[in-house]
Number of protein chains: 2
Amino acid sequence: MNAKFSSSKENYLKAIFHLQKSDGVVTTNDVANELQTRPASVTDMLKKLKAQKLLLYEKYKGFRLSNEGRKVALQIIRKHRLWEYFLVEKLNFGWDEVHEIAEELEHISSKKLIDRLDEFLGFPKSDPHGDPIPDSQGRFTPAKQVDLLNLPLNKIGEVSGIGDQSPEMLELLSHKNIALGTRLEVKKKFAFDNSLELKIRNQPSVTISEHVAKNVFVKYDE
Amino acid sequence: MNAKFSSSKENYLKAIFHLQKSDGVVTTNDVANELQTRPASVTDMLKKLKAQKLLLYEKYKGFRLSNEGRKVALQIIRKHRLWEYFLVEKLNFGWDEVHEIAEELEHISSKKLIDRLDEFLGFPKSDPHGDPIPDSQGRFTPAKQVDLLNLPLNKIGEVSGIGDQSPEMLELLSHKNIALGTRLEVKKKFAFDNSLELKIRNQPSVTISEHVAKNVFVKYDE
DNA sequence: ATAAAAATTTAGACAAATCTAAAAAATTAT
DNA sequence: ATAATTTTTTAGATTTGTCTAAATTTTTAT
């Protein structure tokens, strides 16, 4: 029920999963770039993954994960994110120093271990970076979509839609570095005028009005 | 400061360390047997360990760990035992199901991780099997030696000496399966006559008198 | 539509860790 | 002390994952 694939294979599956998310189509070069390896090595591995039915692949024709491959990738991602949560919440690591360690921990095979860890942590829905944690069946709790006024304080939300798409609105948003996919948190809500103070990682805080907030929609994990 | 040796090398170092403890001298066959591998593979690895100055080795002449090798082995053992402690105390695993998982976890390289884990666990001195946990410098807290009357309840002690060595005493001890090296715990202390109820792993409980208890010495970790 | 560029794959090699079979050294038993 | 046995080592393969260099296919640009 456990230990099945080498760390290397698991890393390929995970990388392909992530690249599929953003691009739809994945290329040999993308993967080589993501994994800091050579395209020739990627081709070699694609053949092995295909032979194990984890990948749908015809040479020169691109590739994508099979259902089985996606399942495996999701389990790795689950492990990675649970370990990150553990490191930050229990061992007091900073969110910016846990990735590397989790890259190692995610290859520990015991399923029982990870399910017990999940329980110990209180079944968290998202990791310290705000990314959702798949449950033991590989399902995500579907993200909730709300406007910025209704995003709970200090919850990371990902911008998923803009209500008023007038050029004036878009100019304002681009000035404040807000775009589709941007990750942000509401740090403060001023009762006086319902204006909000927002924080985007690695950037100084910005303030937006209630009018703007009503027109920015975000997804977040409860 | 971290990640240095392959899991395979670490396993050899650990095995040699353990074999050195009990035998004094370690042989190629011993290691092959311990690691479920072939003698030829052991010889191959011995050469590599020697080249890295982790092992003092002349062919056909036997071998032992260098200071550096022992240091590395102790760090692996530290990691193994801390993870076992974590699994049992925090994730509610049974003491008999943690070994295999800890065999994997012990190869995670981050020293910071293991020191933080140690702190999180409250710097335990011994693992769930009663084996001492080396500190971050590789030192053991020296075991305390007491007679059985003074062994705290539910602490694992290892029989390290017998006071009265008369044939009658030895007969009694052998009948109750107590010998030098036996691991046992005091489960109950009867105030009425100071008799003790003892538990040895995988055996039914036995009772001994105060007189016997005074003559059995054990080492245990505080 | 074809030439140039880019992406991908193949061919052949290498390092790590293992194996089998055979050779060499050490130990033991008479 | 020498022959038999056991232990250890060497020689040569194998597997996994990687690489470089060259060949092939696809894409892009004119």
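Everything numeric in this text was worked out from a predicted model, so none of it was measured.

Draft legend 1. Fine view of the packing of aromatic side chains. Applying the stated criterion across every chain, the model contains eight aromatic pairs over all chains. For the pair A:Phe120 and B:Phe86, a centre-to-centre distance of 6.2 Å together with 85° between the ring planes defines the contact as edge-to-face. Here A:Phe120, found in helix α6 (residues 111-120), pairs with B:Phe86, found in helix α4 (residues 67-89), and the two come from separate chains. Through a chain of ring-to-ring contacts, the aromatic side chains of A:Trp83, A:Phe86, A:Phe120, B:Trp83, B:Phe86 and B:Phe120 assemble into a single cluster. Here the guanidinium or amino end of A:Arg116 rests over the ring plane of B:Phe93, the centre of that ring lying 4.8 Å away.

Draft legend 2. Expanded view of the relation of the copies chain A and chain B. Superposition record for chain A on chain B: RMSD 0.4 Å, screw rotation 179°, translation along axis 0.2 Å. In symmetry terms, the pair is related by a two-fold rotation axis. No C-alpha of chain A approaches the rotation axis more nearly than that of A:Leu105, which lies at 3.7 Å. In this assembly, 100% of the residues forming the interface of chain A have copies in chain B that are likewise at the interface, indicating an isologous arrangement.

Draft legend 3. Spotlight on the protein's contact with DNA strand C. Looking at DNA strand C, there are 22 residues lining it, with A:Tyr57, A:Lys59, B:Ser6, B:Thr37 and B:Ser41 nearest. For DNA strand C, the backbone makes up 74% of the atoms found within 4 Å of the protein, where backbone means sugar plus phosphate. Contact between DNA strand C and B:Thr37: a phosphate oxygen at 2.6 Å from a side-chain N or O atom of the residue. Within the side chain of B:Ser41, an N or O atom sits 2.5 Å from a phosphate oxygen of DNA strand C. With five residues, helix α3 (residues 39-51) of chain B is the largest single contributor of residues to the surface near DNA strand C. Here the residues of the surface near DNA strand C sort into eight nonpolar, eight polar and six charged.

Draft legend 4. Representation of the interface of chain A and chain B within the structure. Across the contact, 20 residues belong to chain A and 20 residues belong to chain B. Between chain A and chain B, roughly 1700 Å² of surface is buried when both sides are summed, and carbon and sulfur atoms account for 69% of that area. Here A:Glu97 makes a salt bridge to B:Lys112, at a shortest N to O gap of 2.9 Å. On inspection of chain A and its partner chain B, the count reaches eight residue pairs in polar contact (both at pLDDT 80 or more). Looking at the side of chain A that touches chain B, the elements that each hand over two or more residues are α4 (67-89), α5 (99-105) and α6 of chain A. Of the residues assigned to the side of chain A that touches chain B, the class counts are 11 nonpolar, four polar and five charged.

Draft legend 5. Looking closely at the pattern of salt bridges. Under the defined criterion, the tally for this structure stands at 28 salt bridges over all chains. For A:Asp115, the salt bridge identified is with A:Lys111, shortest N-O distance 3.4 Å. Of this pair, A:Asp115 and A:Lys111 both sit in helix α6, separated by four residues, roughly a single helical turn. When its relative accessible area of 25% is taken as the criterion, A:Lys111 is described as partly exposed. Between B:Arg78 and B:Asp115 there is a salt bridge whose closest N-O contact spans 2.8 Å. One end of the pair, B:Arg78, is in helix α4; the other, B:Asp115, is in helix α6 (residues 111-120), with 37 residues separating them in the sequence. Overlapping salt bridges, with partners in common, bring together A:Arg78, A:Lys111, A:Asp115 and A:Asp118 in one network.

Draft legend 6. View of the sheet that holds strand β6 (residues 195-200) of chain B. Residue and element names in this part refer to chain B. As summarised here, the arrangement of the six strands in space is β3-β8-β4-β5-β6-β7, forming an open sheet in which the pairing is antiparallel. Of all the strands in the sheet, just β3 (144-147) and β7 (206-208) have a single pairing partner and so form its edges. Neighbour-to-neighbour, the strand axes of this sheet turn through a mean angle of 45°, independent of strand direction. Both β6 and β7 contribute to a ladder of three bridges, which runs antiparallel. Note on β7: the bridge partner recorded for Leu196 is Ile208.

The rules behind each value
Residues numbered from 1 in each chain as written. Chains lettered and ligands numbered in written order. Predicted model: local features only at pLDDT ≥ 70, side-chain atom pairs only at ≥ 80, totals over all residues. Heavy atoms only, no water. Phe/Tyr/Trp six-rings, centres within 6.5 Å; stacked < 30°, edge-to-face > 60°. Helix = DSSP H or I, 4+ residues; strand = E, 2+ residues; numbered from the N terminus. Lys NZ or Arg CZ within 6 Å of the ring centre and 35° of its normal. Least-squares fit on C-alpha atoms with pLDDT ≥ 70 in both. Contact = heavy atoms within 4.5 Å. Near = heavy atom within 4 Å. Polar contact = N/O pair within 3.5 Å; in protein donor to acceptor, adjacent residues only side chain to side chain. Nonpolar A, V, L, I, M, F, W, Y, C, P; charged D, E, K, R; others polar. Buried area = accessible area lost by both parts, 1.4 Å probe. Salt bridge = Lys/Arg side-chain N within 4 Å of Asp/Glu carboxyl O. Buried < 20%, exposed > 50% of the residue type's maximum accessible area, 1.4 Å probe, protein only. Pairing = 2+ DSSP bridges. Axes fitted to C-alpha atoms, helices over the stretch in contact; angles between N-to-C directions.

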